[in-house]
Amino acid sequence: MFTTILSKRWRPRIAARTPPGTAPGTLAADPEAPPPVIRVMAYDADEVLEETLETPRAIADYMDKWPVVWVNVDGVGDAETIRTVGELFGLHPLALEDVANSRQRPKFEEYDKHAFIVVRMPGLAEHTLSTEQVSMFLGANFVVTFQEWQGDCFDPVRKRIRESTRGRFVRADYLVYALLDAVVDSYFPALEGLSERLDDLEEEIAAAPTVEVVGRIFATKHELHALRRAIWPTRDLLNALIRDPVALVSDSTKTYLRDCYDHAVRIVDLVETYRDLNSGLMEFYQSSVGHRMNEIMKVLTIMATIFIPLTFIAGIYGMNFSAERSPWNMPELNWYWGYPFALLLMALVTVGMVAFFRRKGWLG
């Protein structure tokens, strides 16, 4: 499921915003956005019809003729398309404004004749885990979904509609459950990838911590933070769909939504666990770097300690007081074996100190 998401070509997210003070419900368009792709899937218990539409007005040919009509719009940069779809299905202008502004947090809102749901679907943007806004409208016999770009995790749902008997699918609320379940389950492969990355980072830190590892730790931290901001409110909206009396969601569908809610709770637990592990990696890195620095300083200190007595001996022999003036003035300078004696003395001092350090356990 997740490979479909990762294989699509991600682009910078459209962030069209209306100026402060603009009237509520105003749609902000992006003139550089690609044209939207509109796909419709209409079906009953016996037949499925799938089409890619040239204009949003063509949606009217499928309305009120099928038990369930699912319209999916890939691309939210064209304000006219969003407005036309909203007019056809009687969608609230405030909800349509949230569709155009793709920085919404996951939420659930209920209007007179339809419900509005926003979730965030995980995916890769420039090799970095990110999330894409998916807006859903649930009506009595229709489901409308808006995505920022083409490519999603809904192909298994489409396959089930085509190949199954479509018993439960001939209800719009069950279709919304299936779409929500697909979005929530798409977090599991994303978290598995992050888990493998955390394991690799831990092994790399244990072997040879480098400055580049710190950058990857912080990148993983930001990705986990983005997932946390997406899945926590998703869990809340699922809980609202289950607990609150929603006219368009039947009790039988709420049973399935409870399973989806359990998946969201598991994902929240995994995200929190991985955030703790990622924080622990930073502490592990600092501890590992500190340990390596201590080992280096220990070696340098031992070397300096060994050379201190050797420097003392060499300094004594280097004073060169004349033995002819006094018998106490460096008589070793006149010895036949004086120089070998000095070298042997230094060697014995070195061997003795190394043996002492090893016996104390200072050399490992």
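First things first, this report covers the structure right here in the doc. One numbering rule holds for all chains: residues counted from 1, following each sequence as written. Given that this is a predicted model, residues contribute local features only at a pLDDT of at least 70 and side-chain atom pairs are listed and counted only at 80 or more, while totals for whole chains, interfaces and linings are drawn from all residues. Hydrogens are left out, water is left out, and the side-chain values use all remaining heavy atoms of the structure.

**Section: the nonpolar core**
Part 1: In this structure, Ile117, Met136, Phe154, Leu175, Leu180, Leu238 and Leu241 are the most contacted members of the largest nonpolar core, which totals 62 residues.
Part 2: Here this core takes 12 residues from helix H7 (residues 211-243), the largest share from any one element.
Part 3: Excluding its chain neighbours within four sequence positions, the residues that come into contact with Leu180 are Ile117, Val119, Met136, Leu238, Leu241, Leu257 and Cys260. What is meant by a nonpolar core is a set of buried Ala, Val, Leu, Ile, Met, Phe, Trp, Tyr and Cys residues, joined one to another through side-chain atoms within 4.5 Å. Working definition: with a 1.4 Å probe on protein chains only, accessible area under 20% of the residue-type maximum means buried, over 50% means exposed, and in between means partly exposed. A helix here means a DSSP run of H or I that spans at least four residues, while a strand means a run of E at least two residues long, and both kinds are numbered starting from the N terminus. Residues are treated as being in contact if the distance between any of their heavy atoms lies within 4.5 Å.

**Structural notes on the environment of Ile82**
Part 1: Relative to the helices and strands, Ile82 resides in helix H2 (residues 79-89).
Part 2: Sequence separation between Ile82 and Glu97 is 15 residues, and the spatial gap between their C-alpha atoms is 9.0 Å.
Part 3: Filtering out sequence-adjacent residues up to four positions away, Ile82 remains in contact with Leu27, Val76, Leu96, Val99, Ala100 and Phe146.

**Structural notes on the environment of Leu175**
Part 1: In this fold, Leu175 is placed in helix H5 (residues 172-185).
Part 2: Assessed through its relative accessible area of 0%, Leu175 is described here as buried.
Part 3: C-alpha of Leu175 to C-alpha of Phe142: the two residues are 33 residues apart in sequence and 9.3 Å apart in space.
Part 4: In this structure Leu175 touches Tyr43, Val68, Trp70, Val143, Val157, Ile161 and Phe169, once residues within four positions along its chain are discounted.

**Here we look at the layout of surface pockets**
Part 1: Cavities and pockets are found on a 1 Å grid laid over the protein atoms alone: a cavity is a set of points where a 1.4 Å probe fits but cannot escape, a pocket is an open set with protein on both sides within 12 Å along at least five of seven lines, and a lining residue has an atom within 4 Å of such a point. Grid points are joined across faces, edges and corners, and a volume is the space filled by probe spheres set on the points. There is about 210 Å³ of room inside the largest pocket.
Part 2: In terms of lining, the largest pocket is formed by 11 residues, of which the most central are Arg103, Gln104, Arg120, Thr131 and Arg229.
Part 3: Counting residues per element, the lining of the largest pocket draws most heavily on H7, at three residues.

**Some details on a nonpolar patch on the surface**
Part 1: Residues Met293, Ile296, Met297, Val299, Leu300, Met303 and Phe307 make up a contiguous nonpolar surface patch of roughly 680 Å² in combined accessible area.
Part 2: Tracing the backbone through its elements, the reader meets Met293 in helix H8 (residues 251-317).
Part 3: Judged by relative accessible area, which is 45%, Met293 ranks as partly exposed. Residues enter patches when they are more than 30% accessible in relative terms and free of salt bridges; like-charged ones are connected within 9 Å and nonpolar ones (Val, Leu, Ile, Met, Phe, Trp, Tyr) within 5 Å. Areas reported as accessible are Shrake-Rupley estimates using a 1.4 Å probe. Residue values count occlusion only from the protein chains shown. Salt bridge, as used here: a side-chain nitrogen of Lys or Arg that lies within 4 Å of a carboxyl oxygen of Asp or Glu.

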